[in-house]
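Descriptive analysis of the structure
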Amino acid sequence: MDFTKPETVLNLQNIRDELVKMENSIIFKFIERSNFPTCPSIYDPKHSNLSIPNFEGSFLDWAILQLEIAHSQLRRFESPDETPFFPDKILKPILPSIEYPQILAKYSSEVNYNNKIKRIYIDEIVPLISKYSGDQAENFGSVATRDIELLQSLSRRIHFGKFVAEAKFQNNVELYTDLIKRKDVDGIMKNITNSAVEEKILERLTTKAEVYGVDPTDKEGERKITPEYLVKIYKEIVIPITKEVEVEYLLRRLE
Ligand SMILES: O=C(O)C(=O)C[C@]1(C(=O)O)C=C[C@@H](O)C=C1
């Protein structure tokens, strides 16, 4: 997929291939995070040991912001597949801009589910994948680093829904124009849903978790990430939010 060539980006098969590739990096990042306990203090905006002067928010928020400020100057968020968690606080790139062709609609950067992704990650995913419930102060930095990598990967995967939505719109302009004009959210949801594709994703994830989630030299050893949890995360969180992104993007598509 080449973001300077719209025809490669809006090909549904290419998009789905890209989503498959992202599964691997997401699984490996879950495994990395599963070596640590939950560490609730790093998510708590009012935690006394971790408060940061002149900053309202959690230690994780502060760490994400510092990284985004640096990466924005490296041009990260000019790329149409990257979505910042702090869109109002990032800086202009130091590197010269790349003139990407306009692949998505002009408002697409306003379709930003990162707050929701972060909240669900902390409340629902961290407890599922962590080693145990509790703090481990000597690893706060390592945990925040793993969290940021995972959040960025989940964000990229979920916001890829915009490319899926644009491809689907262009493949059936008449149908979607009618649904959008009628603000038929259920109709849009029904048409963007492909249950066969979803089932295939969940099946593949089960196999991948069985293979990657265990040390191949010690199959009886501790499982880092189980198929049930991985499937649950995709089925109940990743795919549904991707579809929300698709619907919100499409609802505005005639602007
Ligand atoms: O591949 C698609 O058609 C998508 O819309 C992406 C996706 C997903 O999140 O993986 C979401 C909805 C579909 O039901 C199937 C899969």
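The sections below set out a description of the structure shown in this document.

What counts and what doesn't
- Residues numbered from 1 in each chain as written.
- Predicted model: local features only at pLDDT ≥ 70, side-chain atom pairs only at ≥ 80, totals over all residues.
- Heavy atoms only, no water.
- Helix = DSSP H or I, 4+ residues; strand = E, 2+ residues; numbered from the N terminus.
- Contact = heavy atoms within 4.5 Å.
- 1 Å grid on protein atoms, 1.4 Å probe; cavity = no way out; pocket = protein on both sides within 12 Å on 5 of 7 lines; lining within 4 Å.
- Points joined across faces, edges and corners; volume = space filled by probe spheres on them.
- Nonpolar A, V, L, I, M, F, W, Y, C, P; charged D, E, K, R; others polar.
- Buried < 20%, exposed > 50% of the residue type's maximum accessible area, 1.4 Å probe, protein only.

What follows covers the environment of V20. Tracing the backbone through its elements, the reader meets V20 in helix α2 (residues 12–33). In sequence terms V20 and I120 are 100 residues apart; their C-alpha atoms lie 22 Å from each other. Not counting chain neighbours up to four residues away, the residues in contact with V20 comprise R204 and K208.

Turning our attention to empty space enclosed by the protein. Evaluation of the coordinates by the stated rule reveals two cavities of 30 Å³ or more. In this model, the largest cavity occupies a volume close to 50 Å³. Lining the largest cavity are E68, R76, F77, E82, T83, F85, Q152, S155 and R156. At three residues, helix α5 (residues 140–159) tops the list of elements feeding residues into the lining of the largest cavity. Residue composition of the lining of the largest cavity, grouped by class: two nonpolar, three polar and four charged.

This brings us to the environment of L50. Take L50: it is sitting in the loop between α2 and α3 (59–73). For L50, a relative accessible area of 17% corresponds to the buried category. Placed 114 residues apart in sequence, L50 and V164 show a C-alpha to C-alpha distance of 40 Å. Once residues lying within four places of it in the same chain are set aside, the contact partners of L50 are S41, I42, F59 and F140.

Turning our eyes to something else, we now look at unusual backbone geometry. One non-glycine residue with positive phi stands out, namely R75, at about 85 degrees. Looking at R75, the relative accessible area reads 24%, which means it is partly exposed. A positive phi is found at K183, a non-glycine position, where the angle reads about 50 degrees.

Further remarks concern the layout of surface pockets. The calculated volume of the largest pocket comes to roughly 660 Å³. Lining of the largest pocket is provided by 26 residues; of these, F77, E78, S79, P80 and S109 occupy positions nearest its centre. Class assignment for the residues of the lining of the largest pocket results in 13 nonpolar, six polar and seven charged. Roughly 370 Å³ of volume is contained in the second largest pocket. Lining the second largest pocket are 21 residues, and of these R16, L19, V197, E198 and I201 sit closest to its centre.

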